[in-house]
Amino acid sequence: KKPIDFYCGNWFEPLPDKKFDLIVSNPPYVNKQDPHLEDLKFEPMEAIVSGNDGLKDIKTIISKSPQFLNKGGLLLLEHGYDQKKKIVKLLDNSFTNIKTFQDLNKVDRAILAELR
C-alpha cells in the first residue's frame, strides 16, 4: 500500500538523496565475447553487453546500492546463466540472506539479497 517511485537514468545517477526498501535491476550481463551475441545483433548492445566478463554493471550496482538501501533493504538482480557464484561472492561483504532463483527452464537467473 506504499507508493512506488520510478526513476530513469544511468544506474544511481537520477536517484534523490533518500533510501529505498527495494532496488530491482535487469542490467546488461553478457560478456563481449559471448557467442550468442550474433543472434542478438539487432538489439542495442549497451542493453546487453557489460564489459569483458559481463559483470561490469552488476559490480557497480552491488557496490553502490548499500548507500541507497535502508538497513534490511533488498536488492534483486537478474543475471546470466553462469554468473550466480561470482555474484553471490560479490554480495557477501554487504549483504545477507542471499537467495537464488531459477527461471522456468531451471537455469540460474536471479538473486535476492538483504542489506546487512
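Residues numbered from 1 in each chain as written. Predicted model: local features only at pLDDT ≥ 70, side-chain atom pairs only at ≥ 80, totals over all residues. Heavy atoms only, no water.

(A) The nonpolar core, seen in detail. If you look at the biggest cluster of nonpolar residues, it comprises 23 residues, and the most contacted ones within it are Ile 58, Ile 62, Leu 75, Leu 77, Ile 87, Leu 91 and Phe 95. Elements that contribute at least two residues to this core include exactly β1 (20-25), α1 (56-64), β2 (69-78), α2 (84-91) and β4 (108-115). Not counting residues up to four positions away in its chain, the partners in contact with Leu 91 are Ile 62, Leu 75, Ile 98, Ile 111 and Ala 113. (Core = buried A, V, L, I, M, F, W, Y, C linked by side-chain atoms within 4.5 Å. Buried < 20%, exposed > 50% of the residue type's maximum accessible area, 1.4 Å probe, protein only. Helix = DSSP H or I, 4+ residues; strand = E, 2+ residues; numbered from the N terminus. Contact = heavy atoms within 4.5 Å.)

(B) Local environment of the sheet that holds strand β3 (residues 95-102). The strand order across the open sheet built from 4 strands is β1-β2-β4-β3, with neighbouring strands paired in mixed fashion. Looking along the sheet, the strands with just one partner apiece sit at the ends: β1 and β3. Within the sheet, the average angular offset between the axes of one strand and its neighbour, ignoring direction, is 15 degrees. Pairing of β2 with β4, which is carried by 5 bridges, proceeds in the antiparallel orientation. Directly across from Leu 75, in β4, lies its bridge partner Ala 113. Packing of α1 onto the sheet brings it into contact with β1, β2 and β3, and relative to β2 it is tilted by some 170 degrees. Here α2 sits on the sheet in contact with β2, β3 and β4, set at roughly 10 degrees to β4. (Pairing = 2+ DSSP bridges. Axes fitted to C-alpha atoms, helices over the stretch in contact; angles between N-to-C directions.)

(C) Representation of α1 within the structure. For α1, every residue scored as buried is listed here: Asp 57, Ile 58, Ile 61 and Ile 62. Take α1 and look down its axis: the buried residues cluster within an arc of 135 degrees, on one side only. The outward face of α1, more than 90 degrees from its buried face, is lined by the exposed residues Lys 56 and Ser 63. Turning to α1, the residues buried within the fold contact β1, β2, α2 and β3. (Arc of directions from axis to C-beta.)

(D) Up close: unusual backbone geometry. Positive phi outside glycine occurs at Trp 11, with the angle close to 50 degrees. Looking at the element boundaries, Trp 11 is found in the segment before β1. Notably, Asn 97 is not glycine yet its phi reads approximately 50 degrees, a positive angle. Here Asn 97 lies in strand β3.

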